[in-house]
Amino acid sequence: MNMVTGCVDVEYQGDKENIMLKYEIWEEGTLKMESDTLSTSIKENEFNGEISISLKDINDYMESSELMELTAAIRTDSGYFSNSILIDRYSKEYANSPSNLEKEINATEDEEISIWGLIAGDTLSVGEDIEKSVKESKWGLIVKLYFD
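Residues numbered from 1 in each chain as written. Predicted model: local features only at pLDDT ≥ 70, side-chain atom pairs only at ≥ 80, totals over all residues. Heavy atoms only, no water.

**Q** Can you break down the pattern of salt bridges residue by residue, with the values?
**A** The final tally for this structure, using the stated rule, is 14 salt bridges. Residue E112 pairs with K22 through a salt bridge whose shortest N-O separation is 3.0 Å. Of this pair, E112 sits in the loop between strand 7 (95-100) and strand 8 (113-121) while K22 sits in strand 2 (residues 18-27), placing them 90 residues apart in sequence. K22 gets classed as buried once you look at its relative accessible area, which sits at 8%. Among the ionic pairs, K144 bridges to E24, the shortest N-O distance being 3.1 Å. (Salt bridge = Lys/Arg side-chain N within 4 Å of Asp/Glu carboxyl O. Helix = DSSP H or I, 4+ residues; strand = E, 2+ residues; numbered from the N terminus. Buried < 20%, exposed > 50% of the residue type's maximum accessible area, 1.4 Å probe, protein only.)

Right, dumping it as structure tokens:
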């Protein structure tokens with residue numbers, strides 16, 4: 001895996017003040033880690049923008065390290081915000097595949113919405129449901145959006 005990316009358009013109207021991103025790492029159906037990664041304020045009760053995610057191997061003297069760089073960016077008409085963090089890499093022997101949104105989602109402002117995922121394992125089963133695909137894999141990453 002050199003780099004894998006995903007992008008999603010987001011439209012929101014409501015009373016929440018912030019758009020938030022977090023990630024979860026799952027191993028064999030068990031949540032191993034979760035953390036917020038990026039947020040930005042919502043102006044005048046409306047957000048129309050794009051969220052992009054990239055995940056790439058970190059190379060250490062021409063060899064892949066045990067870490068990957070997860071970068072999240074939120075773009076609006078007034079600019080963009082981004083943040084990069086290092087996360088533990090899955091086994092180098094595993095195959096991998098992104099798990100993308102396949103269709104538009106309409107959700108309430110109180111829901112967490114899975115917007116992108118990556119699965120890795122000996123065998124891969126990517127379906128329409130990001131969470132299900134990740135939780136059924138040997139290793140998986142979910143990026144979620146929520147409002148606060």
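Still more ground to cover, so stick around.
**Q** Outline the sheet that holds strand 2, supporting the account with residue identities and numerical values.
**A** Taken in spatial order, the five strands of this open sheet run 3-2-9-8-7, and their pairing is antiparallel. Each of the sheet's edge strands pairs with one partner strand only, and the pair in question is strand 3 (30-41) and strand 7. Within this sheet the neighbouring strands show an average axis-to-axis angle of 15 degrees, counted without direction. Examined bridge by bridge, strand 8 and strand 9 (residues 139-147) share seven bridges and lie antiparallel to one another. Looking at the pairing, A120 lines up with W139 of strand 9. (Pairing = 2+ DSSP bridges. Axes fitted to C-alpha atoms, helices over the stretch in contact; angles between N-to-C directions.)

**Q** With reference to specific residues and values, describe the packing of aromatic side chains.
**A** Using the criterion set out here, one finds two aromatic pairs in the structure. With a centroid separation of 4.1 Å and an interplanar angle of 20 degrees, the aromatic rings of Y12 and F147 are classed as stacked. A residue pair is termed long-range when its members are at least 10 positions apart, and Y12 in strand 1 (residues 3-13) and F147 in strand 9 qualify at 135 residues. Accessibility expressed as a relative area gives 6% for Y12, which makes it buried. On the accessibility criterion, F147 (10% relative accessible area) is buried. (Phe/Tyr/Trp six-rings, centres within 6.5 Å; stacked < 30°, edge-to-face > 60°.)

**Q** Quick one: what's the story with the nonpolar core, residue by residue and with numbers?
**A** General note: in soluble globular proteins, nonpolar side chains tend to be found buried as a group. Within the largest apolar cluster, 30 residues are counted, with the highest numbers of intra-cluster contacts made by I19, I51, L55, I115, W116, L141 and L145. Contributing elements (two or more residues each) for this core: strand 1, strand 2, strand 4 (46-60), strand 5 (63-76), strand 8 and strand 9. In terms of nonpolar packing, the next biggest core, distinct from the first, is built from five residues, W26, I130, V134 and I142 among them. (Core = buried A, V, L, I, M, F, W, Y, C linked by side-chain atoms within 4.5 Å.)

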